[in-house]
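What the coordinates show
Here is what each chain is made of, one letter per residue.
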Amino acid sequence: MSSALTDVQKKQIQQVEELLFSGPEKEGFVKDLFFGKFRSESIIPFPELPEANRLRGQQMVDQTKTFCREQIDPVDIDVNARIPDSVVKGLGDLGVLGMTIQPQYGGQGFSQTNYCRVMEIIGGHCASTAVFVNAHHSIGLRGLELFGTEEQKREWMKPLAGGDKLAAFALTEPLAGSDAANVRTRAEPTEDGKGFRITGEKRWITNGGIADVITLMARTPDEAEPDGKITAFLVTPDMPGFKVIEARMEKCGIRGTATGRMEFHDMYVPRENILGPMGKGLRVALTVLDYGRTTFGACCTGAAKFCLERMVYRANHRRQFTKTLGEFQLVQDKIAQAAADIYAMESATYHTAALIDSGADDYMVETAMLKVFASDQLWRITNDCLQIWGGKGFFTDQPFERMMRDARLNQIGEGANDVLRCFIAAVGIRHVGRDMEAITRNPLTVYKMLRTRPKIPIKHEHMRFHARNLGKQIAKFSWAVEVALIKHREAVIDQQYIQARLGDVATELYMSSCVYSRLTALLVNGTIPEPDKQRDLTTGMLYLRSAHMRNQRRLEELKTNLDDESVEVAAAWLADSFDENWVLKGDDSDV
Ligand SMILES: Cc1cc2nc3c(=O)[nH]c(=O)nc-3n(C[C@H](O)[C@H](O)[C@H](O)COP(=O)(O)OP(=O)(O)OC[C@H]3O[C@@H](n4cnc5c(N)ncnc54)[C@H](O)[C@@H]3O)c2cc1C
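Residues numbered from 1 in each chain as written. Predicted model: local features only at pLDDT ≥ 70, side-chain atom pairs only at ≥ 80, totals over all residues. Heavy atoms only, no water.

As for the overall build of the chain
Of the regular secondary structure elements, the chain holds 20 helices and 10 strands. For the chain, whose C-alpha radius of gyration is 24 Å, the value lies close to the compact-globule estimate of 25 Å for 591 residues. Over its C-alpha atoms, taken along the principal directions, the chain stretches across nearly 70 × 65 × 60 Å. The proportion of buried residues among the 591 residues of the chain is 53%. Considering only contacts in the chain between residues 6 or more positions apart, those separated by 24 or more positions represent 76%. (Helix = DSSP H or I, 4+ residues; strand = E, 2+ residues; numbered from the N terminus. Rg over C-alpha atoms; globule rule 2.2 N^0.38 Å. Buried < 20%, exposed > 50% of the residue type's maximum accessible area, 1.4 Å probe, protein only. Contact = heavy atoms within 4.5 Å.)

The following block contains the structure:
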């Protein structure tokens, strides 16, 4: 491809390539969607746990439900901004804090799918507790599980998996937020070569000020890279030079979690504490975040289901204008959309978890899609739920204002949604871009791409219409990707309006594929009794049709839009400096 890129852009691309695409290129269901392919064997049949595995998981789900109901008070946790020690201990005793860790390291050996089933329960009960567990298990000790040596696991894992010690994951710093590669914390090798001295700062780290073991990202010297490369370390708060600046920062939601700021001054860390290969810390971090994003999907699903039940309850009981609220179409619409989107969130959560369980090499795009979709839908659903509860929903004796505050974090943490949107599109587009030259050299290939649409297996007559819609849309989408590449070439990396639309279309195609697969399973061998089966079918089909309509609109907007006008208006506003004094309350060292 020709290049009209600046040196900075080339450098950015090189860094991203090195970070995300080192090693053999891996294919996957979602990446193939960008090519207009539907890799049916990756998505149909809908994954199901083996019976014994499912029953063991169900036991854990039931115990967690009981524990939540009897021991976790989400109101108390929110008001007092603290998760009681008894809750932490109880979760440890239950086995939740080491659920997926292998028994030889003190864990329970559950699959990611069963872990998600449990996280859905906790997420539906108390978001603070869910984020605490996520920080400890989904990401805090995950680096050790995935990248630790046998020796490291034997030394560190047991007390973490049992919940006797807590873990945290520390990537974010004042100058490294969304731009995670910009970590400034430095680890300088000691002269004797036996260790490193770490200096720097981490902020907004869940459990950071209370954890016993922290996976910390710091920059180490590298011969090929003047600014060094990022390496992951295992550190403990008793290391001289480790200082907690603030253990519990006051915040808007998930107030029970301890979000911390820490500083490190010449903190000595022995070489044995390096986690994974030297200079590959960002890869460790991104892999770990794949797991965190999957549990975000489960927790958002749990919280959204809670809201749906309460929406239905209020709609059935509250009367205005001599009717129940549920008799008004605009209330019905909110309930139906929530149910349809929850069906998709749930389907994608369990498909993505099963993908991880299957030992697949690559699921980073799927996990990013799940996180973006689930957190965006939960935000809308909590808002709609509060709306149906009207004034009553606004008061703190109901859970909805807390749930809204809690839900907001999901769109920011573990990758801001807009950043992930562009990431989703960039990975897929790059995949296609590699074959671009070959495609454009041969007009017949272009013609064939225009004419062909992927074959979606139809296992039940009721799915024929949806199979045709899905197939047609995948073909249209892949063509839109080609057009974007032909038009912008490598400079497509700067076209965020286009990336966001393509990212969103791809995301809803993945969600739709998961729903399609699950509905097919329900029709072919579903064991759900009527009338629930019929309700699931119509709910899932509503999702398929509404996602299709949203995607039609996005594809249309790729051609007809107000992007240029929007850029112009934003530029006019950005040119104004306003009065800067109002904003400078507190720390301004991160700009
Ligand atoms: C309660 C809480 C708990 C957290 N826990 C942890 C933790 O345990 N460990 C950890 O390491 N981190 C943690 N974080 C940090 C979190 O991961 C970051 O907040 C997140 O990655 C976003 O970084 P930022 O907040 O610095 O946003 P910024 O990078 O300042 O971005 C702000 C906004 O700008 C926009 N934006 C930024 N870049 C782009 C772009 N390229 N394209 C388009 N839009 C863009 C997005 O809308 C984004 O939301 C936590 C944060 C919070 C609030």
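From this point, the narrative continues.
Topic: empty space enclosed by the protein
Applying the stated criterion to the full structure yields two cavities of 30 Å³ or more. H466, N469, L470, Q473, L509, S512, L544 and H548 together form the lining of the largest cavity. Sorting the residues of the lining of the largest cavity by element identifies α17 (464–488), α18 (496–525) and α19 (532–559) as the ones contributing at least two each. The element contributing the most residues to the lining of the largest cavity is α17, with four residues. Partitioned by chemical class, the residues of the lining of the largest cavity number three nonpolar, five polar and no charged. Considering only enclosed or pocket space, the second largest cavity measures out at about 50 Å³ in volume. For the lining of the second largest cavity, the secondary structure elements donating two or more residues are α2 (29–34) and α12 (364–394). Classifying every residue of the lining of the second largest cavity by side-chain character gives five nonpolar, one polar and four charged. When residues of the lining of the second largest cavity are assigned to domains, at least three fall in each of domain 1 (9–44 + 418–559) and domain 4 (305–350 + 358–413). (1 Å grid on protein atoms, 1.4 Å probe; cavity = no way out; pocket = protein on both sides within 12 Å on 5 of 7 lines; lining within 4 Å. Points joined across faces, edges and corners; volume = space filled by probe spheres on them. Nonpolar A, V, L, I, M, F, W, Y, C, P; charged D, E, K, R; others polar. Domains from an automatic or database assignment.)

Comments concerning the pattern of salt bridges
Summed over the entire model, instances satisfying the criterion amount to 35 salt bridges. With a shortest N-O distance of 2.7 Å, K31 and D362 are connected by a salt bridge. Note that K31 is positioned in helix α2 and D362 in the loop between α11 (329–357) and α12, a separation of 331 residues in sequence. Of the two residues, K31 and D362, neither departs from the other in class, the shared state being buried. The residue E188 makes a salt bridge to R186 at a minimum N-O spacing of 3.6 Å. Taking the relative accessible area as the measure of exposure, E188 reaches 38% and is therefore partly exposed. Classification of R186 as partly exposed rests on a relative accessible area of 27%. (Salt bridge = Lys/Arg side-chain N within 4 Å of Asp/Glu carboxyl O.)

Side note on the side chain of T324
In this structure, T324 sits in strand β10 (residues 323–324). Take T324: its relative accessible area is 13%, and that puts it in the buried class. Once residues within four sequence positions are removed from consideration, T324 is found in contact with A315, N316, R318 and R319.

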